[in-house]
Amino acid sequence: MKITVIGAGYVGLVTASCFADLGNEVICVEKIESKIEKLRKGISPIYEPGLDIILKRNIENKRISFTLNMTEGINFSDIIFFCVGTPQGDDGKADLSQIEEASRQIAENLTSYKLIIEKSTVPVNTHQWIKKTILRYAKNNVEFDVASNPEFLREGSAIKDFLEPDRIVVGTESNKARNLFRELYKPFTDQDRILIFTTPATAELIKHASNSFLSLKISYINMVSDLCEKVGADVSMVAEGMGLDKRIGRSFLNAGIGYGGSCFPKDVKAFIKMAKDNGVDFSILEESEKVNKNRRVKFIEKIENILWINKDKNITIWGLSFKPNTDDIREAPSIDIVKQLNSAGANLRLYDPEAAENFKNIFPESDKLRYFSDMYGALEDSDALIILTEWEHFISANLEKIKNTMKLPIIIDGRNIFDESLVESYGFEYYSIGR
Ligand SMILES: NC(=O)c1ccc[n+]([C@@H]2O[C@H](COP(=O)([O-])OP(=O)(O)OC[C@H]3O[C@@H](n4cnc5c(N)ncnc54)[C@H](O)[C@@H]3O)[C@@H](O)[C@H]2O)c1
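Residues numbered from 1 in each chain as written. Predicted model: local features only at pLDDT ≥ 70, side-chain atom pairs only at ≥ 80, totals over all residues.

Focus on the nonpolar core
And step 1. By size, the foremost hydrophobic cluster in this structure holds 73 residues, and its most contacted members are Ile-6, Val-26, Cys-28, Ile-80, Phe-82 and Ile-116.
And step 2. No other element matches helix 1 (residues 10-21), which puts 8 residues into this core.
And step 3. Setting aside its immediate chain neighbours within four residues, Phe-82 contacts Ile-6, Ile-99, Ala-102, Ile-116, Ile-117, Glu-118, Lys-119 and Ser-120. (Core = buried A, V, L, I, M, F, W, Y, C linked by C-beta atoms within 7 Å. Buried ≥ 20, exposed ≤ 12 C-beta atoms within 10 Å, placed from the backbone. Helix = DSSP H or I, 4+ residues; strand = E, 2+ residues; numbered from the N terminus. Contact = placed C-beta atoms within 7 Å.)

Here's what the structure looks like:
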């Protein structure tokens, strides 16, 4: 099939590359020229494991192309995915200006039937606004459908998540659209992947309700971890014990410094606002948000309780991205933690395998804040190692080498990546969360 994807960000690039890899012909429209230049050379502007390989393969096969020209993109196919950003706007609402802009652009170029698909995460009933906008701006009276097909991929495992989804949710009221979706997702349903059809409003809500629920799970285990610290229990074992219950499940029960990223913080906020605007008191989510924000403050307090004075201490930080296997630092806990330690006068030595370049845009290198390309190099003369992201490199790190490189053997682990007794057997003072 022929497919148009608007927006070459984390979701758009994965969507476009994976559909191309399944044998479709895909064009990806992006408005940032530098991204298009890189993509045409087969270079991904973002770090996502496996994406480079799929991109190159499909550029060579001529199954994927990139353009700045919306008219070219719209004329290319009847199936158009919106993968543009929906960042947090004023008072917590989702900022839908990129969706509105793309809708107007579609309207101006509408000359034949189009199926317009929201893959971006949008508040319930956004599909009605898209429809209204296209009707308002369209120059011709042409048939079109607007459907919702929210994306559930996780950065860091996006290719696998896209190709092996737990479920594909489609919200549409049109038979023509339903048939196009059936054909588009046939390679998935042939592999027994579940395709659910529902109304657009329900599909839109499924996405926000899912993300908000997962954020609740994270905040819940974080509160349990605080209790564990007080009473001498181990939150990792509590999570194991709880997770074995099929009704609960083990995932998203990792205690730590809380969630960040481009989705959970803004989606939870938007869901709260959406509920409020519709007269529904969803204060349980406000509480969860408060718990999450407080994790960062508590972690700083933990560091102070351990190091006493942060001023002029050499502190190494491993991990800047909001989660492993991505270069994305949007709303990452590291931003608040680095800011606090920096203003306390610590000498910061930062290392991340992929996210350092993005981090430099917020925290440029200075005398008190240095970036390292080698994780062990970052530890030299260090008074403490702080772990903020659970990259595999860190989990499998050489503890002997860490100990021999640092000035003092102190590890403060915000992600519980090490086995306590093992680390302590090397002579470290080891502090983690809820254990
Ligand atoms: N990142 C994730 O893990 C994830 C997962 C599921 C859903 N989502 C949702 O998917 C959407 C996209 O997220 P993302 O992380 O890929 O965002 P992003 O900011 O990385 O990418 C959006 C891209 O769209 C481009 N764009 C915006 N308007 C355009 C236009 N009119 N024409 C051409 N290009 C345009 C932007 O320049 C940008 O490159 C959001 O709604 C997000 O909530 C994200």
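Focus on helix 5 (residues 97-108)
For the α-helix, the turn length of 3.6 residues means that residues three or four positions removed from each other point alike.
And step 1. The terminal C-alpha atoms of helix 5, which comprises 12 residues, lie 17 Å apart, in line with the 16 Å expected from a rise of 1.5 Å per residue.
And step 2. For helix 5, the complete set of buried residues consists of Ile-99, Ala-102, Ser-103, Ile-106 and Ala-107. The buried residues of helix 5 all sit within an arc of 140° when viewed along its axis, so they share a single face.
And step 3. Buried-residue contacts for helix 5 involve strand 1 (2-6), helix 4 (70-76), strand 4 (79-82), strand 5 (114-118) and helix 6 (126-137). (Expected span 1.5 Å × (residues − 1). Arc of directions from axis to C-beta.)

Some thoughts on the site of the ligand
And step 1. Neighbouring the ligand are 27 residues, the closest being Gly-7, Gly-9, Gly-85, Ser-120 and Thr-121.
And step 2. Every element with two or more residues in the shell around the ligand is listed here: helix 1 and helix 5.
And step 3. The leading source of residues in the shell around the ligand is helix 5, at 4 residues.
And step 4. Here the residues of the shell around the ligand are counted per class, giving 11 nonpolar, 10 polar and 6 charged. (Near = placed C-beta within 6 Å. Nonpolar A, V, L, I, M, F, W, Y, C, P; charged D, E, K, R; others polar.)

Some thoughts on the domain arrangement of the protein chain
And step 1. For the protein chain, the assigned domains read domain 1 (2-198) and domain 2 (290-431).
And step 2. For domain 1 versus domain 2, the separation of C-alpha centres amounts to 37 Å.
And step 3. At the interface, 8 residues of domain 1 touch 7 residues of domain 2.
And step 4. Here the side of domain 1 that touches domain 2 is built from residues that sort into 4 nonpolar, 2 polar and 2 charged. (Domains from an automatic or database assignment.)

Description of the packing of helix 10 (residues 200-231) against helix 12 (residues 264-277)
And step 1. Direction vectors running N to C along helix 10 and helix 12 enclose 115°, while the axes themselves pass 9 Å from each other. One finds that helix 10 runs roughly perpendicular with respect to helix 12. Crossing of helix 10 over helix 12 shows left-handed handedness. On the side of helix 10, the interface is formed by His-208, Asn-211, Ser-212 and Ser-215, while helix 12 contributes Phe-264, Asp-267, Val-268, Ala-270 and Phe-271.
And step 2. For the contact of helix 10 with helix 12, a count of residues per class yields 4 nonpolar, 4 polar and 1 charged. (Axes fitted to C-alpha atoms, helices over the stretch in contact; angles between N-to-C directions. Parallel < 35°, antiparallel > 145°, perpendicular 65-115°, else oblique. Left-handed = near helix turned anticlockwise from the far one by under 90°.)

Here's the deal with the packing of helix 5 against helix 6
And step 1. Packing of helix 5 against helix 6 leaves a shortest axis separation of 8 Å and a crossing angle of 40°. Accordingly, the angle class assigned to the pair helix 5 and helix 6 is oblique. Pair helix 5 / helix 6 crosses with right-handed handedness. Along the contact surface, helix 5 presents Ile-99, Glu-100, Ser-103, Arg-104, Ile-106, Ala-107 and Glu-108, while helix 6 presents Thr-126, Ile-130, Thr-133, Ile-134 and Tyr-137.
And step 2. Broken down by class, the residue content of the contact of helix 5 with helix 6 amounts to 6 nonpolar, 3 polar and 3 charged.

Considering the sheet that holds strand 13 (residues 410-413)
And step 1. On the basis of which strands lie adjacent, the open sheet formed by 6 strands has the order 11-10-9-12-13-14 and parallel pairing. In the strand order of this sheet, the two ends are held by strand 11 (369-371) and strand 14 (429-431), each with one partner. Ignoring strand direction, the axes of neighbouring strands in this sheet form an average angle of 20°.
And step 2. As defined by bridge partners, strand 13 adjoins strand 14 across 3 bridges and the pair is classed as parallel. Directly across from Ile-410, in strand 14, lies its bridge partner Glu-429.
And step 3. Running over the sheet, helix 13 (residues 283-307) touches strand 12 (384-387), strand 13 and strand 14 and is turned about 165° from strand 13. (Pairing = 2+ DSSP bridges.)

Notes on the environment of Asn-58
And step 1. Assignment of secondary structure puts Asn-58 in helix 3 (residues 51-60).
And step 2. By the C-beta count within 10 Å, which is 24 here, Asn-58 ends up buried.
And step 3. In the structure, Asn-58 is positioned 16 residues away from Gly-42 in sequence and 9.2 Å away in space, judged by C-alpha atoms.
And step 4. Those residues in contact with Asn-58 that sit more than four places away from it in its chain are Ser-17, Ala-20, Asp-21, Arg-63 and Ile-64.

Focus on unusual backbone geometry
And step 1. Phi is positive for Lys-62, which is not a glycine, with a value near 60°.
And step 2. Position of Lys-62 relative to the elements: it lies in the loop between helix 3 and strand 3 (64-67).
And step 3. Within the chain, Asp-192 stands out as a residue other than glycine whose phi angle is a positive 65°.

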